[in-house]
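In case you want the letters, here they are:
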Amino acid sequence: MSVDVTRTQAATDDRGPAAAQAAAQGDRRGSRTGTRADDAVRRAELAAFLRSRRERITPEQVRLPRGSRRRTPGLRREEVAQLAAVGVTWYTWLEQARDIHVSPQVLDAVARALLLDGAERSHLFSLAGEVDPQPGTECTGVTEGMWQVLHQLSPFPAVVQNSRFDILAHNRAYGQLMCDLDALPKEDRNCMWLAFTHAEWRSRVVDLDTTARLMAAKFRASMAEHVAEPAWKALLARLSEASPEFREVWARHEVVRPSSSTKVFRHPEVGLLQLSATSLWTGPNPGPKVLAYTPVDEASRERLERLDRLVRRERSAEPAFAGA
């Protein structure tokens, strides 16, 4: 057997060094060509997947007006870009299968904008060749049914919030309870960030020190299952850099589990609000939840109703969506 192997090797070497080098270069060129072809196929599949997800979503599902001249099935590209807070040109190139780099952060924003469920989100990251910063999470979008639940709870403030305190959706009462949420950039719509850095939000919490301390303790308890995830680490670093108060509270290593409680807010237009906070989990695991605030006394109920009337009056005076 050893003789046969030696003879085979000798026969191969008889081609000479130049021929062997040319053959090796050809193999490498073939490998690169194959890789480029595979990437092109993957980009085309990604583009088709994004288009199919975009076309299945109605404007009403993401709280956009339909308009009278809509010919595109589902959402327009510029509407997806607006919802994901990315450039229209960039998103268009993505749907055109252009050879561009896609970061995990942008993919996460697109997944949220397109209301992808867990399987679809995983498929998106696989096609893009990136690692999901939130692996194994539940649905990142908010369904039309959940929007209806939030709306029906008015005038009681209600919000869909995940375990990282991100605000995923809210009704009009919650949107004006602490500040004008709709005026904030998406990256700032996080209750931890607002509780430690947003002056107006902080001014409306009557017992701010206790509330902020409890929130940090709940955040630490939740983070135990997500310590290696980039999104959690990024928020922790951002809070630590921006708020000396957060750094002091975080250094205590306090931990508490989520629980119902009574909270007191001071709204500049309607006065003191005493509200009972109730959490309703949206899935089998402690992930996204509906947090609803109900009045504990008649005075708070009347003030919530007055706040709701104020918000509706302001909303009715707003101009129509420019892109409709």
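Remember, predicted model here, so these are calculated numbers, not experimental data.

Rules used throughout
Residues numbered from 1 in each chain as written. Predicted model: local features only at pLDDT ≥ 70, side-chain atom pairs only at ≥ 80, totals over all residues. Heavy atoms only, no water. Axes fitted to C-alpha atoms, helices over the stretch in contact; angles between N-to-C directions. Helix = DSSP H or I, 4+ residues; strand = E, 2+ residues; numbered from the N terminus. Left-handed = near helix turned anticlockwise from the far one by under 90°. Contact = heavy atoms within 4.5 Å. Nonpolar A, V, L, I, M, F, W, Y, C, P; charged D, E, K, R; others polar. Pairing = 2+ DSSP bridges. Parallel < 35°, antiparallel > 145°, perpendicular 65-115°, else oblique. pLDDT = per-residue confidence, 0-100. Phe/Tyr/Trp six-rings, centres within 6.5 Å; stacked < 30°, edge-to-face > 60°. Buried < 20%, exposed > 50% of the residue type's maximum accessible area, 1.4 Å probe, protein only. Arc of directions from axis to C-beta. Polar contact = N/O pair within 3.5 Å; in protein donor to acceptor, adjacent residues only side chain to side chain.

1. Some words on the packing of helix α5 (residues 104-113) against helix α6 (residues 118-128)
- The geometry of α5 relative to α6 is characterised by a closest axis approach of 10 Å and an angle of 145° between their N-to-C directions. Seen from above, α5 lies across α6 with right-handed handedness. Along its contact with α5, which presents Pro104, Leu107, Asp108 and Ala111, the element α6 presents Arg121, Leu124, Phe125 and Ala128.
- Taken together, the residues of the contact of α5 with α6 break down into six nonpolar, no polar and two charged.

2. A short note on the sheet that holds strand β2 (residues 167-170)
- The strand order β2-β1-β5-β4-β3 describes an open sheet built from five strands, whose pairing is antiparallel. Each having just a single partner strand, β2 and β3 (261-267) make up the two edges of the open sheet. On average, each strand axis in the sheet is tilted by 30° relative to the strand beside it, whichever way the strands run.
- Against the sheet, helix α7 (residues 144-153) touches β1 (158-161), β2 and β5 (289-295), its axis set at about 150° to β1.

3. With respect to the packing of helix α11 (residues 208-223) against helix α12 (residues 230-242)
- Taken N-terminus to C-terminus, the directions of α11 and α12 make an angle of 150°; their axes are 12 Å apart at the nearest point. Overall, the two elements α11 and α12 adopt an arrangement that is roughly antiparallel. Our pair here, α11 against α12, has a crossing hand that is left-handed. Two secondary-structure elements touch here, α11 through Phe219, Ser222 and Met223 and α12 through Trp232, Lys233, Leu235 and Leu236.
- The residue makeup of the contact of α11 with α12, split by class, is five nonpolar, one polar and one charged.

4. Considering the confidence of the model for the protein chain
- Of the residues in the protein chain, 81% reach a pLDDT of 70 or more, and the chain-wide mean stands at 82.
- Counting contacts from residues 1-15, a segment whose pLDDT is below 50, to residues more than four positions away or on other chains yields two contacts.

5. As for the packing of aromatic side chains
- Applying the stated criterion across every chain yields a total of six aromatic pairs.
- For the ring pair Phe219 and Trp232, a centre distance of 5.3 Å and an interplane angle of 25° mean the geometry is stacked. Of the two residues, Phe219 sits in helix α11 while Trp232 sits in helix α12, which places them 13 residues apart along the sequence. One exposure class covers both Phe219 and Trp232, and it is buried.

6. With respect to the environment of Met178
- Looking at the secondary structure, you find Met178 in the loop between α8 (172-177) and α9 (191-197).
- In sequence terms Met178 and His267 are 89 residues apart; their C-alpha atoms lie 7.4 Å from each other.

7. Quick look at α6
- Along α6, the residues that are buried comprise Glu120, Arg121, Leu124, Phe125, Leu127 and Ala128. The buried residues of α6 all sit within an arc of 165° when viewed along its axis, so they share a single face.
- Where α6 ends, the next residue or the one after it, Gly129, has phi of about 70°, a positive value.

8. Observations regarding the side chain of Asn171
- Note on placement: Asn171 falls in the loop between β2 and α8.
- By relative accessible area, Asn171 is classed as buried at 5%.
- There is a polar contact of 3.5 Å between the side chain of Asn171 and the side chain of Ser154.
- Of the polar contacts made by the side chain of Asn171, one reaches the backbone oxygen of Phe156; its length is 2.9 Å.
- Ignoring sequence-local partners within four residues, the contact set of Asn171 consists of Leu150, His151, Leu153, Ser154, Phe156, Pro157 and Ala158.

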